[in-house]
Amino acid sequence: MSESKTESRAVALARAHLEAWTNHDFDPARGNLAKDVQFFSPAANLVGIDEYMDAPRGLTQFAKQVVPGSLRIIATMGDERNALIMYEVSTEGGPIGAKLFPSAQTWLLDENGKIKVERIISYAVPR
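Read on for a plain summary of the structure. Everything numeric in this text was worked out from a predicted model, so none of it was measured.

### Some remarks on the side chain of Glu88
By the element assignment, Glu88 lies in strand β4 (residues 82-91). On the basis of relative accessible area, Glu88 is assigned to the buried category, the value being 15%. Excluding anything up to four places from it in sequence, Glu88 contacts Ser70, Leu71, Arg72, Ile74, Leu100, Phe101 and Pro102.

### Some words on helix α1 (residues 9-22)
The end-to-end C-alpha distance of α1, which contains 14 residues, comes to 20 Å, matching closely the 20 Å that a straight helix rising 1.5 Å per residue would cover. Among the residues of α1, those classed as buried are Ala10, Val11, Leu13, Ala14, His17, Leu18, Ala20, Trp21 and Thr22. Of the residues trailing α1, His24 is marked for its positive phi of about 65°.

### Focus on the packing of aromatic side chains
For the coordinates displayed, the defined rule picks out three aromatic pairs. Taken together, a centroid distance of 4.8 Å and an interplanar angle of 50° make the contact between Phe62 and Phe101 tilted. With Phe62 in helix α4 (residues 59-63) and Phe101 in strand β5 (residues 99-109), this residue pair connects regions lying 39 residues apart in the sequence. In this structure Phe62 comes out as buried when scored by relative accessible area, which is 19%. An aromatic cluster of three or more residues is present, and its members are Trp21, Phe62 and Phe101.

### Brief notes about the pattern of salt bridges
Opposite charge on two side chains allows them to pair when their charged atoms are near. By the definition in use, this model includes six salt bridges. Residues participating in the shared-partner salt-bridge network are Arg30, Asp50 and Asp54.

### Some details on the environment of Ala10
Note that Ala10 resides in helix α1. Accessibility expressed as a relative area gives 0% for Ala10, which makes it buried. Separated by 103 residues in sequence, Ala10 and Gly113 place their C-alpha atoms 7.7 Å apart.

### Side note on the nonpolar core
Judged by nonpolar contacts, the single largest core of 31 residues is most densely connected at Trp21, Leu33, Tyr52, Met53, Phe62, Trp107 and Ile115. Looking at this core element by element, the count peaks at seven residues for α1. For Met53, the contacting residues outside a window of four places in its chain are Phe26, Ala29, Arg30, Leu33, Gly58, Leu59 and Thr60.

Calculation notes
- Residues numbered from 1 in each chain as written.
- Predicted model: local features only at pLDDT ≥ 70, side-chain atom pairs only at ≥ 80, totals over all residues.
- Heavy atoms only, no water.
- Helix = DSSP H or I, 4+ residues; strand = E, 2+ residues; numbered from the N terminus.
- Buried < 20%, exposed > 50% of the residue type's maximum accessible area, 1.4 Å probe, protein only.
- Contact = heavy atoms within 4.5 Å.
- Expected span 1.5 Å × (residues − 1).
- Phe/Tyr/Trp six-rings, centres within 6.5 Å; stacked < 30°, edge-to-face > 60°.
- Salt bridge = Lys/Arg side-chain N within 4 Å of Asp/Glu carboxyl O.
- Core = buried A, V, L, I, M, F, W, Y, C linked by side-chain atoms within 4.5 Å.

Next up, the structure:
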């Protein structure tokens, strides 16, 4: 069954962002971010592109452990400025090890269509 509904602008950008970083394509991921991007998770609160991408608990450090091509999107919803995506990725190596990593995240876009606020609203910490 094909889905005829097109994704909202925010969902399409959030999906593209997930696809980029989970495939270790960090330049497009960086390009999706507003200069003053804010990221909130149980592990870190980060502000600004450099901190978001490159901090010890930033995106690049986590993403390097994600198996490219393992992104599985479970559900999406959103509008022009807000997106919610439930998804899972597989990890290998690094401190996390080989795990299935489920997550639900929200994104808020700014007036230029860049990611202004990203929140992980559920977060499984692998044992």
